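Summary of the model geometry
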Amino acid sequence: MDELTERDRLLLLEQTKDSDTIRVLESLPVVESWRCLEIGAGAGSIAYWLGERCSKGRVVAADIDTRNLDPHRSPNVDIQEVDIATHRFAPSSFDLIHARAVLCHLPARDEVLAQAFEWLAPGGWLFVEDVYTLPVGSSPYAAMNRYAAAAQNAAQLRGADMQWGSRVPGILATLGLGHVTAESKLRLVGTGGLPDDLWRINLKQAGRHLVNGGLFTQDDLDECLALLDNPGFVDIRYIGIAAWGQKPPA
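Anyway, here's the lowdown on the structure attached to this text.

The rules we used
- Residues numbered from 1 in each chain as written.
- Predicted model: local features only at pLDDT ≥ 70, side-chain atom pairs only at ≥ 80, totals over all residues.
- Heavy atoms only, no water.
- Helix = DSSP H or I, 4+ residues; strand = E, 2+ residues; numbered from the N terminus.
- Rg over C-alpha atoms; globule rule 2.2 N^0.38 Å.
- Buried < 20%, exposed > 50% of the residue type's maximum accessible area, 1.4 Å probe, protein only.
- Contact = heavy atoms within 4.5 Å.
- Salt bridge = Lys/Arg side-chain N within 4 Å of Asp/Glu carboxyl O.
- Pairing = 2+ DSSP bridges.
- Axes fitted to C-alpha atoms, helices over the stretch in contact; angles between N-to-C directions.
- Core = buried A, V, L, I, M, F, W, Y, C linked by side-chain atoms within 4.5 Å.
- Arc of directions from axis to C-beta.
- Lys, Arg positive; Asp, Glu negative; His and termini not counted.
- Left-handed = near helix turned anticlockwise from the far one by under 90°.
- Nonpolar A, V, L, I, M, F, W, Y, C, P; charged D, E, K, R; others polar.

**Section: the overall build of the protein**
Secondary structure summary: the protein contains 7 helices and 7 strands in total. When its helices and strands are written in sequence order, the protein yields α-β-α-β-β-β-α-β-α-α-β-α-α-β. Against the globule reference of 18 Å for 250 residues, the protein gives a C-alpha radius of gyration of 19 Å, in line with a compact fold. Per-residue burial over the protein gives 50% buried out of 250 residues. Contacts in the protein between residues far apart in sequence, at least 24 positions, make up 75% of those at least 6 positions apart.

Here it is as structure tokens:
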């Protein structure tokens, strides 16, 4: 497990979350000719799914790092390596825009959502999935609270907001979207399987940066990792929040 890569993390993220994402997408009136934008495409599972579903349309898979995407896998998936915080698409370019686990990391997250509203065609749908990380001190495990404090400090230093997910439904409404719907899901760790595998690689990657930055100690990181191997350990690390709405028809 020590040699897991960023691609491994992205694949675990897909395996853990794709079923929830696709369930919501299937509830929307997606048609074959839709033009779609996947913000933060990662390893591409949702972009490729949309490419199959919108076989007569077009999917733009946008990411700041596209090394984990296969440009030959789907003929109607257009991979674009762009910084979504500064890139501009033409107004009304898309019938569906989706972003998962990316906007909370961007200092310009609210501005990106406002831009996405402009990129959306009348009648189109905007679907955002993000996180609400529980406040520091909410865990019964001291090591997890120390990790949460270090992670919060690091997020603030880089302009991220790991509690931003709770704002998304309201932001969609204030932008002018209608039919705004939201749902949440507790993300447990300590119950085994893929969620624990994903948390372990997140902890190792983020923990290493926190230790190198002097915000966390290696002993604390080792203690957090050891908890995952303790059969009696269960904790809630964050709440996943999904929200979507429709731009009013022209």
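**Some remarks on the environment of Arg67**
Summarising the element assignment, Arg67 is placed in the loop between β2 (58–63) and β3 (77–81). A C-alpha to C-alpha distance of 9.0 Å links Arg67 and Arg7, two positions 60 residues apart in sequence.

**Structural notes on the pattern of salt bridges**
Evaluation of the coordinates by the stated rule reveals 16 salt bridges. One connected set of salt bridges, linked through shared partners, spans Asp20, Arg23, Glu183, Lys185 and Arg187.

**Section: the sheet that holds strand β7 (residues 235–246)**
The mixed open sheet is built from 7 strands, whose spatial order is β3-β2-β1-β4-β5-β7-β6. Each of the sheet's edge strands pairs with one partner strand only, and the pair in question is β3 and β6 (178–189). Here the strands of the sheet are splayed against their neighbours by 15 degrees on average, with no regard to which way each runs. In this sheet, β3 lies alongside β2 in parallel orientation, the contact comprising 5 bridges. From the neighbouring strand, Asp63 faces β3, where its bridge partner is Glu81. Lying on the sheet, helix α5 (residues 168–175) is in contact with β5 (120–133), β6 and β7; it crosses β7 at an angle near 15 degrees.

**Some remarks on the nonpolar core**
Ranked by size, the top nonpolar core spans 30 residues in total, and within it Leu37, Ile97, Leu103 and Leu126 carry the most contacts. Breaking this core down by element, the ones donating at least two residues are β1 (35–39), β2, β4 (94–100), α3 (109–119), β5, α5 and β7. Counting residues per element, this core draws most heavily on α3, at 5 residues. Aside from chain neighbours lying at most four places away, what touches Ile97 is Leu37, Ile39, Ala116, Trp119, Leu120, Trp125, Leu126 and Phe127. Among the nonpolar cores identified, the runner-up in size contains 23 residues, and Val30, Ile46, Tyr48 and Ala61 belong to it.

**Focus: helix α7 (residues 218–228)**
Count 3.6 residues to each turn of an α-helix, and residues three or four apart come out pointing the same way. Of the positions making up α7, those classed as buried are Asp220, Leu221, Cys224, Leu225, Leu227 and Leu228. Projection of α7 onto a plane perpendicular to its axis shows the buried side chains occupying an angular sector of 150 degrees, all on one side. Buried residues along α7 sit against α4 (142–158), β6 and α6 (194–212).

**With respect to the side chain of Lys17**
Residue position: Lys17 is located in helix α1 (residues 6–27). With no salt bridge to any partner, buried Lys17 finds its closest opposite charge in Glu129, at an N-O distance of 7.2 Å. Discounting residues that sit within four places of it in the chain, Lys17 has contacts with Arg100, Arg187 and Tyr238.

**Examining the packing of α1 against α6**
Viewed as axis vectors pointing N to C, α1 and α6 meet at an angle of 145 degrees, and their least axial separation amounts to 9 Å. Two packed elements cross with a definite hand, and for α1 against α6 that hand is left-handed. Within the contact between the two elements, α1 uses Glu6, Asp8, Arg9, Leu12, Leu13, Gln15 and Thr16 and α6 uses Leu194, Pro195, Asp197, Leu198, Ile201, Asn202 and Gln205. When grouped by side-chain class, the residues that make up the contact of α1 with α6 number 6 nonpolar, 4 polar and 4 charged.

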